[in-house]
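Coordinates in review
Each chain, written out:
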Amino acid sequence: MSKGRILVVEDDFDISNMLRIYFTGQGYEVQVAPKGGEALSLTRKQLPNLIVLDIMLPDMSGYDVCRELRTTTRTSHIPIIFLTQKDERSDKIQGLELGADDYIVKPFDIEELKLRVQNAIAAANRQTQIDSKSNLPTGRLIEDHLRSLMHNGKAWTYVDLKINQFDSFTDVYGFVAGDEVIRFMAVLLGEVIDEAGTPDDYAGHPGRDNFVIITHAADPDKLKDRLIEVFNDKVKQHYSFIDRERGYILVPDAVYGEKQVALMSLSAGSVSTKTHQFSDIREITEMAAENRRRGLTGQDNSAANLLTSW
């Protein structure tokens, strides 16, 4: 089981390759980006648990990369460790003022860096309640974000998402396969927000098969439609060829021995401040969940029936 995903932003190949080999051997998944722009692109596609960031990059300053990450809602919680040759006190202060979690000067002790990485990831998980599988914010952090939005006067839409038949899938394919579906969903949220949302959109993971998006998009239905369309198509890759072809799985059943269960699909319900005024967070989440449930009709999991209007 992976200890987490690390993004190394470093243009020196010898250093980046050494870090990739070392941390892979320590049980982490490691991505390398030699440029700041590439690092921002990779982060949008799949959120890392931590970023090791050089300051001197060929296309932009590491400070600018850090500033962009900290001012973008979806990436603001990711721990950042600056790794640089710049050892002036003013450089360290500038990095920490931008929101970096730590600052290490080259040449460095790899064992010390390992401990700092472990501590930064553990602290982030404790303080911000990040789900270890999706790397998305969970309960309290989602509530805090909603509270801040309720007082800023801007229009936004809360989208409640649920993976249907997820428990049946894990009963047949196991929890490891279920974790892969959770990670797939987290990546998909980022991709669709980039495509149909805004930089201020927020994705969260309240628990297991339930996800949320808080979007400022002018057309939130477009975002919901796209999510359902892509999920219902691409989730099939997590099934065997036989199950994909017949369109269902056989799940053990105490009465009948086994029963047919449809493939996983995505349902969505939403509420918007354009049409409602909310007095508290519970009203928002319960109304969106109820709208999602109203979109389900019997066992028909088609996108048309799963999409809920508000």
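Our structure is the block above this text.
Structure report, in brief.

Reading the values: the criteria
Residues numbered from 1 in each chain as written. Predicted model: local features only at pLDDT ≥ 70, side-chain atom pairs only at ≥ 80, totals over all residues. Heavy atoms only, no water. Salt bridge = Lys/Arg side-chain N within 4 Å of Asp/Glu carboxyl O. Helix = DSSP H or I, 4+ residues; strand = E, 2+ residues; numbered from the N terminus. Buried < 20%, exposed > 50% of the residue type's maximum accessible area, 1.4 Å probe, protein only. Pairing = 2+ DSSP bridges. Axes fitted to C-alpha atoms, helices over the stretch in contact; angles between N-to-C directions. Contact = heavy atoms within 4.5 Å. Phe/Tyr/Trp six-rings, centres within 6.5 Å; stacked < 30°, edge-to-face > 60°. Arc of directions from axis to C-beta. Expected span 1.5 Å × (residues − 1).

1. Quick notes on the pattern of salt bridges
Scanning the entire structure with this criterion turns up 21 salt bridges. As a salt-bridge pair, Asp 101 and Arg 70 come within 3.0 Å of each other at their nearest N and O atoms. Here the residue Asp 101 occupies a position in the loop between α4 (89–97) and β5 (102–105), and Arg 70 occupies one in helix α3 (residues 62–71), the gap between them amounting to 31 residues. Assessed through its relative accessible area of 46%, Asp 101 is described here as partly exposed. With a closest N to O distance of 2.7 Å, Asp 194 and Arg 74 form a salt bridge. Note that Asp 194 is positioned in helix α8 (residues 175–196) and Arg 74 in the loop between α3 and β4 (80–84), a separation of 120 residues in sequence. According to the relative accessible area criterion, Asp 194 is partly exposed, its value standing at 38%. The exposure class assigned to Arg 74 is buried, which follows from its relative accessible area of 11%.

2. Points about the sheet that holds β4
Taken in spatial order, the five strands of this open sheet run β2-β1-β3-β4-β5, and their pairing is parallel. At either margin of the open sheet sits one strand with a lone partner, and together these are β2 (29–33) and β5. Taken pair by pair, the neighbouring strands of this sheet meet at an average axis angle of 20°, ignoring direction. As paired strands, strand β1 (residues 5–9) and β2 are joined by five bridges and run parallel to one another. By the bridge assignment, Val 8 is partnered in β2 with Val 32. Across the face of the sheet, helix α1 (residues 13–25) comes into contact with β1, β2 and β4 while running at roughly 170° to β2.

3. Regarding the packing of aromatic side chains
Counted according to the given criterion, the structure contains eight aromatic pairs. Here Phe 169 and Tyr 173 contribute two aromatic rings whose centre-to-centre distance is 4.8 Å and whose plane-to-plane angle is 15°, an arrangement assigned as stacked. Taken as a pair, Phe 169 and Tyr 173 lie in helix α7 (residues 166–173) at a separation of four residues, close to a single helical turn. A relative accessible area of 0% places Phe 169 in the buried class. Judged by centre distance (5.2 Å) and plane angle (75°), the ring pair of Phe 169 and Tyr 239 falls under edge-to-face. Remark: Tyr 239 occurs in the loop between α9 (220–234) and α10 (241–246) and Phe 169 occurs in helix α7; sequence separation between them is 70 residues. Both residues of the pair, Phe 169 and Tyr 239, count as buried. An aromatic cluster of three or more residues is present, and its members are Tyr 22, Phe 23 and Tyr 28.

4. As for the sheet that holds strand β11 (residues 265–272)
Strand order in this open sheet of four strands is β7-β8-β6-β11, and the pairing throughout is antiparallel. This sheet does not close on itself; its edge strands, each paired only once, are β7 (202–207) and β11. With strand direction ignored, the average angle separating the axes of adjacent strands in the sheet is 20°. Where strand β6 (residues 157–164) and strand β8 (residues 210–215) come together, six bridges link them in antiparallel fashion.

5. Describing helix α2 (residues 36–45)
Side chains that are three or four residues apart share a direction in an α-helix, a result of its 3.6 residues per turn. Restricting attention to buried positions, one finds in α2 the residues Gly 36, Ala 39, Leu 40, Leu 42 and Thr 43. One side of α2 carries all its buried residues, which in axial view fall inside an arc of 165°. On its buried face, α2 is in contact with β1, β2, β3 (50–53) and α3.

6. Notes on helix α6 (residues 139–150)
An ideal rise of 1.5 Å per residue puts 16 Å on twelve residues; α6 measures up with 17 Å between its terminal C-alpha atoms. Burial in α6 covers these residues: Leu 141, Ile 142, His 145, Leu 146 and Leu 149. The buried residues of α6 occupy an angular sector of 140° when the element is viewed end-on, so they sit on one face.

That is the geometry; function is a separate question.
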